[in-house]
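# Secondary and tertiary structure notes
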Amino acid sequence: MALEPDLIPRLITPAEASEILNVSRRTVLNWIAKGTVPYVELPTAGEKASYRIPLRGLLNSLSGNYDLAAELETLQGEAPKPVPGQARPRPSPARARA
């Protein structure tokens, strides 16, 4: 059963959540332990627990008068930020000469 990509929730790691919110990874793990943010615990075989956080759920768990979710959606429509560990795309030869 293949799901449409738009129907699959974006799951992020605690490290990615900490980067988005400019807090430590430990803070995000504390929020998970307290149930402050929604999370999914991945199956493990006796190792440390591994979590994923639905991005939309994380953003919805925030309070305040600023709509971070709307800003992130706007930014996603712009040039994507490089992902750590991935090679940056090279400009096409036509663009390089322009």
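Just above, that's the structure.
Residues numbered from 1 in each chain as written. Predicted model: local features only at pLDDT ≥ 70, side-chain atom pairs only at ≥ 80, totals over all residues. Heavy atoms only, no water.

Another aspect to go through is the side chain of Ser18. Its location among the elements puts Ser18 in helix H1 (residues 14-21). Apart from the residues lying within four places of it in its own chain, the contact partners of Ser18 are Val23, Ser24, Arg25 and Val28. (Helix = DSSP H or I, 4+ residues; strand = E, 2+ residues; numbered from the N terminus. Contact = heavy atoms within 4.5 Å.)

Inspection of every chain in the model, using the stated rule, returns one salt bridge. Arg56 is paired through a salt bridge with Glu73; the nearest N and O atoms lie 2.4 Å apart. Residue Arg56 is found in helix H3 (residues 55-60), and its partner Glu73 is found in helix H4 (residues 68-77); the two are separated by 17 residues along the sequence. Classification of Glu73 by relative accessible area gives partly exposed; the value is 45%. (Salt bridge = Lys/Arg side-chain N within 4 Å of Asp/Glu carboxyl O. Buried < 20%, exposed > 50% of the residue type's maximum accessible area, 1.4 Å probe, protein only.)

Of all the positions in helix H2 (residues 25-34), only Val28, Leu29 and Ile32 are classed as buried. Summarising the axial view, the buried residues of H2 lie within an arc of 100°, below the 170-degree limit, and thus occupy one face. The exposed residues of H2 that point more than 90 degrees off its buried face are Arg26, Ala33 and Lys34. Against H1 and strand E3 (50-54) lie the buried residues of H2. Following H2 by one or two positions, Gly35 has its phi on the positive side, about 75°. (Arc of directions from axis to C-beta.)

Nothing here speaks to function; it is all geometry.
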